[in-house]
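Residue strings, one per chain:
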Amino acid sequence: MKEIRSFVLGGFIGLSGVLYFILFPEPMSMRTLLIIVASIIISFPLCILLHEAGHFLAGRFQGMRMLNVSVGPFVIERHEGKLHFHVVQSVLGYLGRAMMGFPEHLEKKVMRDKLIRYIYGGPLINGVVGVLSIGIAFTISHQPFFILFGLINILLGITNLQPAMSKSAMTDGLVIQRLRTVPLEDSVIMAGYSALTEDMKTTDTKKWNVDLIVQLERLLHSEDSTAKSFLTTIGYYYLPEDAEKVLDIGRTSAFTRESASHDYYADCADITFATALFFTEKLKEYPEIELELSKIGKTETVMELKRHALLSYIEGDVASAIEHLENAKAALGKWHPLYLRGEMERELLQVMIDKMKRNNDHLSPSAHHPNDIYL
């Protein structure tokens, strides 16, 4: 079925393009070539912008609030009622994103139905604008831009409805498929939006609804590998006071891959588990810990710096470890595509720094009384 849909889509796009240039031929010249190339270059970001605008409008109709909208590295973020502009490269490989959340908790079935309509908004806008643009090209204005803009919109809208995973980002089609087929209580996507609702109320994870934390703990043991990212949230909730709890919860989800790989969800679980080992003073004794840490991906700066910090700490180079953690705090910036405002992560990093400084002072001879005698 997937091959048939791809064949039909490719046939429609190819036939429309060929038919247009047969009916309205353009004299082949450098000017024509430049117009076509410029039309394609301009169309791609415009189509992505329309796609995210479609999500935004559909979300607003479902009662959701905008957190941020991005096209490439350009981000508009809403914080404390004000809009802020950032230029930040995406981390998970998405070309655009409209991140929205519900201001209040909803009954799960209602939330699922609203989320499905919100997700459909992006491809729907691309489809509608694509058809209109193609119609304009064949009737009102015979300009190559309109046919190319229309076809690219159709291509983006329909391909995005195909269930697939691009790096660590899900297409709209895969999100919709999972929302429709996965039981509500087992849905990682539903739990993620529930967590987002809590985050919109308070960035202090320790004040979140306990039932939601219990649900996230349960999902960590599910077959959905994307649930591994919840161990980071669990870490914010329990660390540093109850690090043993994080170790107990994360034993089946962290350090499970056989070799190094780009897997954002595994990275989240691994770095959080290693952080819990650090707080329980078990990091240096954990079997093959250097090997396990080496498997964490290098595409996300904050995780990479935390990995370097823990490796330096294991080697006894506390000064370098602290420097890496300070750099991780700086890497969060004012806004981060994964950590958003970064309050929880920044606080955790500072606690790690303070602990390392205390441990270093305790072990340093200079911390002892000058009359002490060392044998």
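Our subject is the structure that appears above.
Summarised in this report is the structure supplied together with it. Keep in mind that this is a model prediction, so the values were computed, not measured.

Cut-offs applied
- Residues numbered from 1 in each chain as written.
- Predicted model: local features only at pLDDT ≥ 70, side-chain atom pairs only at ≥ 80, totals over all residues.
- Heavy atoms only, no water.
- Helix = DSSP H or I, 4+ residues; strand = E, 2+ residues; numbered from the N terminus.
- Expected span 1.5 Å × (residues − 1).
- Buried < 20%, exposed > 50% of the residue type's maximum accessible area, 1.4 Å probe, protein only.
- Salt bridge = Lys/Arg side-chain N within 4 Å of Asp/Glu carboxyl O.
- Phe/Tyr/Trp six-rings, centres within 6.5 Å; stacked < 30°, edge-to-face > 60°.
- Pairing = 2+ DSSP bridges.

Before going further, it helps to examine helix 4 (residues 144-160). For helix 4, built from 17 residues, the straight-helix expectation of 24 Å at 1.5 Å per residue is met to within 8% by its first-to-last C-alpha distance of 24 Å. For helix 4, the full list of buried residues reads Pro 144, Ile 147, Leu 148, Phe 149, Gly 150, Leu 151, Ile 152, Asn 153, Ile 154, Gly 157 and Asn 160.

Bringing unusual backbone geometry into the picture now. For the bond running from Leu 239 to Pro 240, omega is 0°, close enough to zero to count as cis. In this fold, Pro 240 is placed in the loop between helix 8 (230-238) and helix 9 (243-250). Of note, Phe 255 is a non-glycine position whose phi angle comes to about 55°, a positive value. Among the structural elements, Phe 255 can be located in the loop between helix 9 and helix 10 (264-279).

Another point: the pattern of salt bridges. If you walk through the whole model with that rule in mind, you get 14 salt bridges. Of the charged contacts in the structure, one is a salt bridge between Lys 306 and Glu 345, with a shortest N-O distance of 3.0 Å. In this pair, Lys 306 is assigned in helix 12 (residues 301-314) and Glu 345 in helix 14 (residues 343-363), connecting sequence segments 39 residues apart. Across the pair, Glu 345 and Lys 306 agree in class, each one buried. One continuous salt-bridge network, built from bridges that share partners, spans Lys 109, Arg 112 and Asp 113.

What follows is about the environment of Arg 251. With respect to the helices and strands, the residue Arg 251 is situated in the loop between helix 9 and helix 10. Since its relative accessible area comes to 48%, Arg 251 is described here as partly exposed. Each C-alpha atom, one on Arg 251 and one on Phe 85, is 40 Å from the other, the two residues being 166 residues apart in sequence.

This next bit is on the packing of aromatic side chains. To describe a pair of aromatic rings, one takes the distance between the centres and the angle between the planes. By the definition in use, this model includes twelve aromatic pairs. Pairing Phe 273 with Tyr 286 gives two aromatic rings, centres 5.9 Å apart and planes at 75°, and the pair type is edge-to-face. Here Tyr 286 lies in the loop between helix 10 and helix 11 (289-294) and Phe 273 lies in helix 10, a separation of 13 residues in the sequence. Here Phe 273 falls in the buried class, since its relative accessible area comes to 2%. Both rings, one in Phe 278 and one in Tyr 313, keep their centres 5.0 Å apart while their planes meet at 85°; by these two values the pair is edge-to-face. On the criterion of sequence distance, the pair formed by Phe 278 in helix 10 and Tyr 313 in helix 12 is long-range, its members being 35 residues apart. Neither Phe 278 nor Tyr 313 differs from the other in exposure class; each is buried.

On to the pairing of strand 3 (residues 82-87). Regular strands have side chains that alternate between both faces of the sheet. Here strand 2 (residues 74-79) runs beside strand 3; their pairing, made up of six bridges, is antiparallel. In the sheet register, Glu 77 faces strand 3, and the bridge partner there is His 84. What sits between the antiparallel neighbours strand 2 and strand 3 is a turn of two residues, in which Glu 80 has the positive phi angle 55°.

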